Amino acid sequence: MFSQEIFAARLKILRKERNLTLEKLGNEIGVSKQAVGRWEKGEREPMLRTLWALADFYEVTLDYLVGRTDQRK
């Protein structure tokens, strides 16, 4: 099951680990910086294809990203 709270926190942690701005991450996956900011605040949920893009970009599993497991790979 998708945990919006865990997703928001992990997305922010992963972005900060790579020293990316909201804008840079948005550019990498083809969305606006506002969209990334809303995800990190838990205000919105990304579409499935965007979740896949995020998981691929950060080289983590989709299950990790959405809070189904604590193992990144």
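The model shown is predicted, which means the values in this text are computed figures rather than measured ones.

**Student:** Give me the lowdown on helix H2 (residues 22–29), citing residues and values where you can.
**Tutor:** Listed as buried for H2 are Leu25, Gly26 and Ile29. Angular distribution of buried residues about the axis of H2 spans 100°; they occupy a single face of the element. Residues Asn27 and Glu28 are exposed on H2 and point more than 90 degrees away from its buried face. Gly30 sits one or two positions beyond H2 and adopts a positive phi of about 80°.

**Student:** Let's hear about the nonpolar core: which residues, and what values?
**Tutor:** If you look at the biggest cluster of nonpolar residues, it comprises 17 residues, and the most contacted ones within it are Phe7, Leu11, Leu25, Trp39, Leu54, Tyr58 and Leu65. In terms of residue count, helix H4 (residues 48–58) provides more of this core than any other element does, 4 residues in total.

**Student:** So what's going on with the packing of helix H1 (residues 4–17) against H4? Which residues, and what values?
**Tutor:** Their axes nearest at 11 Å, the elements H1 and H4 cross at an angle of 40°. Viewed along their axes, H1 and H4 form a crossing whose handedness is left-handed. Contacts from Phe7, Leu11, Leu14 and Arg15 of H1 reach H4 at Leu51, Leu54 and Tyr58. When its residues are assigned to classes, the contact of H1 with H4 shows 6 nonpolar, no polar and 1 charged.

Conventions and cut-offs
Residues numbered from 1 in each chain as written. Predicted model: local features only at pLDDT ≥ 70, side-chain atom pairs only at ≥ 80, totals over all residues. Heavy atoms only, no water. Buried < 20%, exposed > 50% of the residue type's maximum accessible area, 1.4 Å probe, protein only. Helix = DSSP H or I, 4+ residues; strand = E, 2+ residues; numbered from the N terminus. Arc of directions from axis to C-beta. Core = buried A, V, L, I, M, F, W, Y, C linked by side-chain atoms within 4.5 Å. Axes fitted to C-alpha atoms, helices over the stretch in contact; angles between N-to-C directions. Left-handed = near helix turned anticlockwise from the far one by under 90°. Contact = heavy atoms within 4.5 Å. Nonpolar A, V, L, I, M, F, W, Y, C, P; charged D, E, K, R; others polar.

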